[in-house]
Amino acid sequence: MNSPKRTIIPFGPQHPVLPEPIHLDLVVEDEKVIEAIPSLGFIHRGLERLVEKRDFIDFVYVAERICGICSFIHGLTYCIAIEEIMQIEVPKRANYLRLIWSELSRIHSHLLWLGLMADGFGFEALFMHTWRLREKILDIIEETTGGRIIFGSAKIGGVRKDISSEKLAQILEKLKNYAQEIREITNVFINDSSVKHRLVGVGVLSKEDAYILGAVGPTLRASGVGLDTRKLGYAAYKEIDFEPIIETAGDSYSRCLVRIREIFQSIEIIKQAAGKIEPGAIEVKVTGTPNGEFFARTEQPRGEVIYYAKADGSRFLQRLRVRTPTFANVPAMVKLLPGCQLADVPILVLTIDPCISCTER
Amino acid sequence: MIEEQKVINIEIKDLLSQTRDFFNSGHRLVQIGCTKLPECLEINYSFDKEHHFINLKIKLVDLNVEVPSVSNIYWCAFLYENEIHDLFGVKFKDIALDYKGNFYRTSVKRGFNPQNEQP
């Protein structure tokens with residue numbers, strides 16, 4: 001008996017579900033995917049090398065521009081790396097502000113993903129409503145930082161901007177109503193039969209595979225591994241009561257549920273932070289230059305990001321190395337594709353929430 | 001200090017056995033990264049278990065020396081090793097998925113070590 005004929009189908013780098021370029025060579029038998037080989041590097045920018053020419057204080061502006069979705073956390077993680085090397089103690093208020101902006105970033109990123117997901121499986125009305133809600137978070141970010149995408153508020157030694165107690169009260173009031181609005185939309189993702197038909201049981205990643213393949217963020221937690229870098233306690237997370245959101249099925253639906261639950265968790269974390277933040281300084285003066293090395297780790301919406309900084313006492317770092325969550329999630333994505341139907345590939349690629357802009361730093 | 005970070009300097013010959021030990025003890029591979037210094041290239045292998053971060057560091061003074069790939073222990077390492085090969089010119093032996101210099105399509109080959117300089 002002849003073995004089934006295998007065909008290689010190129011997926012990307014240009015594809016309707018991919019806002020940014022990534023390529024997969026899909027080995028298929030009929031409509032079933034047997035193997036997937038990834039290709040990255042279409043737009044690698046080499047931003048890491050700019051540290052050799054940019055003063056370490058100024059480089060935070062470059063770090064924030066590595067990605068347009070999680071820009072604040074990129075800047076924050078860079079600042080943490082330098083602050084740890086220089087043993088700078090950041091004021092408590094600045095740490096709370098960092099936390100609030102990080103969680104606002106997470107909410108808008110997860111809503112962006114939900115919209116892209118709805119668009120991916122052809123539910124255009126859901127896509128538009130999700131992004132309509134995301135705009136409200138961007139409005140809050142704009143009111144507090146002046147920017148909608150690039151916040152410009154992270155700096156070494158603290159933050160550049162403060163949020164007044166009146167403004168914080170307004171934000172909390174907005175978030176109270178906002179949670180109800182989001183629930184109406186996310187209930188569609190959770191309960192609609194056509195959505196579940198595309199996600200439940202599709203692209204299962206086991207707990208063991210997710211862990212050993214180095215997956216991070218919602219991709220990892222949807223497979224039952226409770227790793228969340230926020231538990232390290234950076235910024236003000238050590239003073240916040242929360243537990244990582246976990247699902248156990250490991251399928252596309254679980255990855256969706258984790259992100260939905262994290263939106264509500266982020267709102268609760270912001271409420272907690274608003275109740276604990278105290279008046280005080282928002283920055284300390286930075287003197288001297290860094291000498292040493294540190295691996296700063298934070299939790300971006302897509303998972304753990306690493307900033308490795310190495311300095312020799314000059315104003316220019318010897319090395320900055322950024323390991324982004326999408327880079328860490330690529331092996332998991334490649335492993336969950338075999339066995340799926342060709343038509344499910346775009347959805348499965350989306351479920352790791354790929355950010356190629358970060359990855360091609 | 002947010003977390004204690006242990007850095008262990010090892011010889012290249014001990015890399016595979018040490019990595020296998022981490023694998024067997026349930027650590028995950030967090031990242032592999034390379035740094036160009038005046039006297040050598042440093043390669044950091046970072047592992048984590050329950051938020052305990054450990055880093056193995058090897059120094060490469062001769063770019064003709066092949067570094068054994070850890071991708072047959074941690075499959076996901078193939079991404080990092082191909083990246084380091086393409087950006088720094090480091091040679092890895094037996095990568096599970098070897099792109100042979102085509103991982104990054106950059107206009108400048110070995111952009112982080114453009115002249116492919118010996119450290």
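Each chain carries its own residue numbering, running from 1 in the direction its sequence is written. Naming scheme: in the order in which they are written, chains are lettered from A and ligands are numbered from 1. Only residues with pLDDT of at least 70 are given local features in this predicted model, and only at 80 or more are side-chain atom pairs given and counted; all residues enter the totals for whole chains, interfaces and linings. In computing side-chain values, all of the structure's heavy atoms are included and hydrogens and water are not.

1. So, the overall build of chain A
And then number 1: A count of helical and extended segments in chain A gives 12 helices and eight strands.
And then number 2: With the C-alpha coordinates aligned to their principal axes, the bounding extent of chain A is approximately 75 × 50 × 30 Å.
And then number 3: Counting all 361 residues of chain A, 62% fall into the buried class.
And then number 4: In what follows, residue pairs with any heavy atoms lying within 4.5 Å of each other are defined as contacts. Intrachain contacts of chain A at a sequence separation of at least 6 include 69% that bridge at least 24 residues.
And then number 5: Positive charges are assigned to Lys and Arg, negative charges to Asp and Glu, while His and the chain termini are left out of the count. Every charge is mapped to an atom, namely NZ of Lys, CZ of Arg, CG of Asp or CD of Glu. For chain A, the separation between the mean place of its 45 positive charges and that of its 46 negative charges on side chains is 2 Å. The numbering of helices and of strands both runs from the N terminus, where a helix is a DSSP run of H or I of at least 4 residues and a strand a run of E of at least 2. Relative accessibility under 20% of the residue-type maximum defines a buried residue, over 50% an exposed one, and the middle range a partly exposed one, all with a 1.4 Å probe and only protein chains included.

2. Some points on the sheet that holds strand E8 (residues 319–323) of chain A
Residues and elements named next belong to chain A.
And then number 1: Pairing between strands is defined by DSSP: at least two bridges between them are needed. Within the open sheet, the three strands sit side by side as E6-E7-E8. Their pairing is antiparallel. Single-partner strands in this sheet number two, and they are strand E6 (291–300) and E8. Neighbouring strand axes in the sheet, compared pairwise and without regard to direction, differ in orientation by 10° on average.
And then number 2: By the bridge criterion, 10 bridges tie E6 to strand E7 (residues 303–312) in an arrangement that is antiparallel. Looking at E7, one finds that Ala-296 is bridged to Tyr-307.
And then number 3: Taken strand by strand, helix H10 (residues 325–336) contacts E6, E7 and E8, and its axis lies near 130° from that of E7. All axes are obtained by fitting lines to C-alpha atoms, using only the stretch in contact for helices, and the reported angles, taken between N-to-C directions, cover 0 to 180 degrees.

3. Some remarks on the interface of chain B and chain A
And then number 1: Across the contact, 45 residues belong to chain B and 43 residues belong to chain A.
And then number 2: In total, chain B and chain A occlude about 3,800 Å² of area from one another, counting both sides; carbon and sulfur atoms represent 60% of this.
And then number 3: Put simply, buried area is the surface a 1.4 Å probe can reach on two separate parts but cannot reach once they are joined, added for both. When the area that chain B buries against chain A is broken down by residue, the three leading residues are Ile-2, Arg-28 and His-51 of chain B, summing to 19%.
And then number 4: Basic side-chain nitrogens of Lys or Arg form a salt bridge, by our definition, when they fall within 4 Å of a carboxyl oxygen of Asp or Glu. Between chain B and chain A we count seven salt bridges in total.
And then number 5: Side-chain atoms alone can form a polar contact between residues adjacent in sequence; in general such a contact is a pair of N or O atoms within 3.5 Å, and within protein one must be able to donate a hydrogen while the other accepts it. Taken together, the links from chain B to chain A amount to 17 residue pairs in polar contact (both at pLDDT 80 or more).
And then number 6: Listed by contribution, the elements that provide at least two residues to the side of chain B that touches chain A are strand E1 (5–9), strand E2 (28–36), strand E3 (41–49), strand E4 (52–60) and helix H2 (77–88) of chain B.
And then number 7: Note on residue classes: Ala, Val, Leu, Ile, Met, Phe, Trp, Tyr, Cys and Pro are nonpolar, Asp, Glu, Lys and Arg are charged, and everything else, Gly too, is polar. Tallied by class, residues from the side of chain B that touches chain A come to 25 nonpolar, 12 polar and eight charged.

4. Some thoughts on the packing of helix H5 (residues 165–191) of chain A against helix H9 (residues 252–276) of chain A
All names here are of chain A.
And then number 1: Running from N to C, H5 and H9 point in directions that differ by 165°, and their axes come no closer than 10 Å. Between H5 and H9, the angle is such that the two are roughly antiparallel. Considering only the axes of H5 and H9, their crossing is left-handed. Residues Leu-168, Leu-172, Leu-175, Tyr-178, Ala-179, Ile-182, Arg-183, Thr-186, Phe-189 and Ile-190 of H5 form the contact with H9, whose participating residues are Tyr-253, Cys-256, Leu-257, Ile-260, Ile-263, Phe-264, Ile-267, Ile-270, Lys-271 and Ala-274.
And then number 2: Its residues placed into classes, the contact of H5 with H9 shows 17 nonpolar, one polar and two charged. Throughout this description, any angle smaller than 35 degrees is read as roughly parallel, any larger than 145 degrees as roughly antiparallel, any in the 65 to 115 degree range as roughly perpendicular, and the remainder as oblique. Should the near helix be turned anticlockwise from the far one by less than a right angle, the crossing is termed left-handed; should it be turned clockwise, right-handed.

5. Comments concerning the nonpolar core
And then number 1: The set of buried Ala, Val, Leu, Ile, Met, Phe, Trp, Tyr and Cys residues whose side-chain atoms join them within 4.5 Å is what this entry labels a nonpolar core. With 155 residues, the main nonpolar core has Tyr-78, Tyr-307 and Leu-337 of chain A together with Ile-43, Tyr-45 and Val-90 of chain B as its most contacted residues.
And then number 2: Among the elements that take part in this core, helix H3 (residues 92–120) of chain A stands out by supplying 13 residues, more than any other.
And then number 3: Ignoring anything within four residues of it in the chain, the contact list for Leu-337 of chain A reads Leu-24, Leu-26, Val-33, Ala-36, Val-345 and Leu-348 of chain A.
And then number 4: With seven residues, the next largest nonpolar core counts Cys-67, Ile-69, Leu-112 and Leu-116 of chain A among its residues.

6. Topic: the pattern of salt bridges
And then number 1: Counted under the stated rule, the structure contains 42 salt bridges over all chains.
And then number 2: Between Glu-293 of chain A and Lys-310 of chain A there is a salt bridge, with its nearest N and O atoms 3.8 Å apart. Taken as a pair, Glu-293 of chain A in strand E6 and Lys-310 of chain A in strand E7 lie far apart in primary sequence, 17 residues in all.
And then number 3: Accessibility expressed as a relative area gives 12% for Lys-310 of chain A, which makes it buried.
And then number 4: Among the salt bridges present, the one from Arg-297 of chain A reaches Glu-3 of chain B, with a minimum N-O distance of 2.8 Å. Of the two residues, Arg-297 of chain A sits in strand E6 while Glu-3 of chain B sits in the segment before E1, which places them in two different chains. Residues Arg-297 of chain A and Glu-3 of chain B agree in their burial class; the two are buried.

7. Observations concerning H3 of chain A
All names here are of chain A.
And then number 1: Helices are assigned an expected span. That span is 1.5 Å times one less than the residue count. Compared with the 42 Å implied by 1.5 Å per residue over 29 residues, the 42 Å span of H3 between its first and last C-alpha is a close match.
And then number 2: With 26 of its 29 residues buried, H3 lies for the most part within the structure.
And then number 3: Once H3 ends, the next one or two residues include Gly-122, with phi positive near 85°.

8. As for the side chain of Glu-29 of chain A
And then number 1: With respect to the helices and strands, Glu-29 of chain A occurs in strand E2 (residues 23–29).
And then number 2: Of the polar contacts made by the side chain of Glu-29 of chain A, one reaches the side chain of Arg-6 of chain A; its length is 2.8 Å.

9. As for the confidence of the model for chain B
And then number 1: Chain-level pLDDT for chain B is 90 on average; 95% of the residues reach the 70-or-more range.
And then number 2: Among the prediction metrics, the complex's ipTM stands at 0.92, with pTM recorded as 0.94. Per residue, pLDDT captures the predictor's confidence, and it can take any value from 0 to 100.

10. Description of the sheet that holds E3 of chain B
Residues and elements named next belong to chain B.
And then number 1: Here four strands make up an open sheet; going across it, the order is E1-E4-E3-E2 and the pairing mixed. For this open sheet the edge positions go to E1 and E2, each flanked by a neighbour on one side alone. Sheet twist, expressed as the average angle between the axes of neighbouring strands with direction ignored, equals 20°.
And then number 2: By the bridge criterion, five bridges tie E1 to E4 in an arrangement that is parallel. Considered in E4, the bridge of Asn-9 is made with Lys-57.
And then number 3: Relative to E4, helix H1 (residues 15–24) is tilted by about 170°, and along the sheet it contacts E3 and E4.
And then number 4: Contacts between H2 and the sheet are confined to E2 and E3, with E2 contributing the most and set at about 5° to the helix.

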